[in-house]
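Below, each chain spelled out in residue letters.
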Amino acid sequence: MVKARKYVVKNYFEGVPKRDDYEIIDYELPNLQNGEILTKTEWISVDPYQRAYNRLNKIPYDQFGYQVAVVEDSKNPSYPIGTRIITHKGWCDYAILNPNELQKPPNMIYKLPNLKDLSPSLGIGAVGMPGATAYFGLLEICKPKVGETVVVTGAAGAVGSMVGQIAKIKGCRVIGFAGSDDKVEWLEKELGFDKAINYKTADIDKALKEAAPKGIDCYFDNVGGEISSVIISQMNAKGRVAVCGSISSYNEVSSNVVKAPILQPYIVSKELTIQGFIVTSFSKHWPEAFAQLVEWIKSGKLVTREYITEGFDKIYDAFIGMLAGNNFGKAIVKI
Ligand SMILES: NC(=O)C1=CN([C@@H]2O[C@H](COP(=O)(O)OP(=O)(O)OC[C@H]3O[C@@H](n4cnc5c(N)ncnc54)[C@H](OP(=O)(O)O)[C@@H]3O)[C@@H](O)[C@H]2O)C=CC1
Ligand SMILES: CCCCC/C=C\CC(=O)/C=C/C=C/C=C/[C@@H](O)CCCC(=O)O
């Protein structure tokens, strides 16, 4: 018998999730049946949608999320012992899975993409769901052209740091917003952003007019709220906005959500395209994105950074730290 642990969400979050909203449960896994595999978790992802989607689930629920795991025992010939996989099994240290029943998101499983000699942990970051989000959101929705100006918020995070670098690879001028001077320095000095701005200290409207005197063609929106309204008000005719997330309001109780200015006059007069998307809509094409992302990383065109917390007992802390902005790049937990 294998002893396993998992995080169960006991409450609907009010504001910032509390430690007491979670319970860690110890339990014994049953014996393997034909077709099943026993997996040992190696890396766990903490992501903003784990906060945002809380109220879409029936309480209590097992905390969902991506993980890298290795097959420890197998009664499925397609997944022999030692195979590395990505699943959406969430915050648990061992699991029994039946790959034949895990074909559609969110209950998905796939073999770790060929990462060459890169760390398997990238399978939940730059070469995983966040990497695919940056790749498809930018290339399929913003559709940037050479010489255009691209703005990204949440620029030092998992998705944003990739968006900015991919836009540079595509020949764009890139401006990023992030929440500290250290992040600004990292974006400009190491990731090649043309300009980064600390949204917590800058006059956003003025700083952006200075950074983008010819206006903005593409906006990759990770945060929503007031800053997005300011950015959209400075867009050029036929500009494209990919609405990826709105983390600035995930921890707000509804009565506190900021009322953003009215944008319709800009949207109409500039003929803007504003499109929300969910990355799994592109899931059939993830393998193409992963192959390209690995090539860019291996050739040094794309820099990856991970913010690693160690220990199963620390997943909650890693999650809260990510929501508070501690992470540079992808926030993950090593189990
Ligand atoms: N549509 C989709 O399919 C997907 C959407 N997303 C969305 O993309 C966004 C980025 O996700 P991801 O890259 O994984 O996370 P990040 O790695 O960017 O981590 C979250 C970051 O959000 C920033 N942040 C926190 N609070 C605020 C706030 N009030 N205002 C502005 N920024 C804030 C912090 O950075 P800082 O220090 O700069 O404040 C923090 O580091 C999220 O909105 C997420 O929901 C992600 C994956 C898929
Ligand atoms: C309550 C509305 C929340 C709005 C936030 C929208 C998008 C933010 C975001 O981060 C989306 C991420 C999507 C990730 C997709 C993961 C899927 O593979 C699994 C979805 C899991 C689930 O639906 O339970």
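Structure shown above.
Residues numbered from 1 in each chain as written. Chains lettered and ligands numbered in written order. Predicted model: local features only at pLDDT ≥ 70, side-chain atom pairs only at ≥ 80, totals over all residues. Heavy atoms only, no water.

**Let's talk about the site of ligand 1**
Move 1: Near ligand 1 there are 26 residues, and of these Lys 183, Tyr 199, Asn 222, Tyr 250 and Asn 327 occur at the shortest range.
Move 2: Between ligand 1 and Val 159, the relevant distance is 2.8 Å, taken from an oxygen atom to a main-chain nitrogen or oxygen of the residue.
Move 3: Contacts to ligand 1 include Asn 222, whose backbone N or O atom sits 2.7 Å from an oxygen atom.
Move 4: Coverage of ligand 1 by the protein amounts to 90% of the 900 Å² it exposes when considered alone.
Move 5: Elements with a minimum of two residues in the shell around ligand 1: helix H2 (129–142), helix H3 (158–169) and helix H9 (315–324).
Move 6: Here the residues of the shell around ligand 1 sort into 15 nonpolar, 10 polar and one charged.
Move 7: Domain assignment of the residues forming the shell around ligand 1 places at least three in each of domain 1 (2–125 + 305–334) and domain 2 (129–280). (Near = heavy atom within 4 Å. Polar contact = N/O pair within 3.5 Å; in protein donor to acceptor, adjacent residues only side chain to side chain. Areas by Shrake-Rupley, 256 points an atom, 1.4 Å probe, with all protein chains shown as cover. Helix = DSSP H or I, 4+ residues; strand = E, 2+ residues; numbered from the N terminus. Nonpolar A, V, L, I, M, F, W, Y, C, P; charged D, E, K, R; others polar. Domains from an automatic or database assignment.)

**Focus: the state of the cysteines**
Move 1: Evaluation of the coordinates by the stated rule reveals zero disulfides.
Move 2: The structure places no disulfide on Cys 172, whose sulfur is separated from the nearest cysteine sulfur, that of Cys 218, by 6.2 Å.
Move 3: Overall, the relative accessible area of 3% leaves Cys 172 in the buried class.
Move 4: Here Cys 244 is not cross-linked by a disulfide; its sulfur's nearest cysteine counterpart is in Cys 142, at 9.8 Å.
Move 5: Judged by relative accessible area, which is 22%, Cys 244 ranks as partly exposed. (Disulfide = S-S within 2.5 Å. Buried < 20%, exposed > 50% of the residue type's maximum accessible area, 1.4 Å probe, protein only.)

**Description of the sheet that holds strand S12 (residues 195–198)**
Move 1: Across the sheet, which stays open at both edges, the six strands sit in the order S12-S11-S10-S13-S14-S15 with parallel pairing between neighbours. Looking at strand neighbours, the two that pair on one side only are S12 and strand S15 (273–276), the edges of this open sheet. Between one strand axis and the next, the sheet turns by 15° as a mean value, whatever way the strands run.
Move 2: Here four bridges tie strand S11 (residues 173–178) to S12, and the two strands are oriented parallel to one another. Within S12, the residue paired with Phe 177 across the bridge is Ile 197.
Move 3: Contacting strand S10 (149–152), strand S13 (216–221), strand S14 (235–243) and S15, H2 runs over the sheet at an angle of about 145° to S13.
Move 4: Running at roughly 175° to S12, helix H4 (residues 181–189) makes contact with S11 and S12 of the sheet. (Pairing = 2+ DSSP bridges. Axes fitted to C-alpha atoms, helices over the stretch in contact; angles between N-to-C directions. Contact = heavy atoms within 4.5 Å.)

**Quick word on the site of ligand 2**
Move 1: Tyr 49, Ala 52, Tyr 66, Tyr 250 and Thr 280 are the nearest of the nine residues found near ligand 2.
Move 2: At 2.3 Å, a side-chain N or O of Tyr 66 approaches an oxygen atom of ligand 2.
Move 3: Calculation on ligand 2 without its partners gives an accessible area of 660 Å², and the protein chains cover 72% of this total.
Move 4: Of the residues that constitute the shell around ligand 2, the class distribution is seven nonpolar, two polar and no charged.
Move 5: When residues of the shell around ligand 2 are assigned to domains, at least three fall in each of domain 1 (2–125 + 305–334) and domain 2 (129–280).

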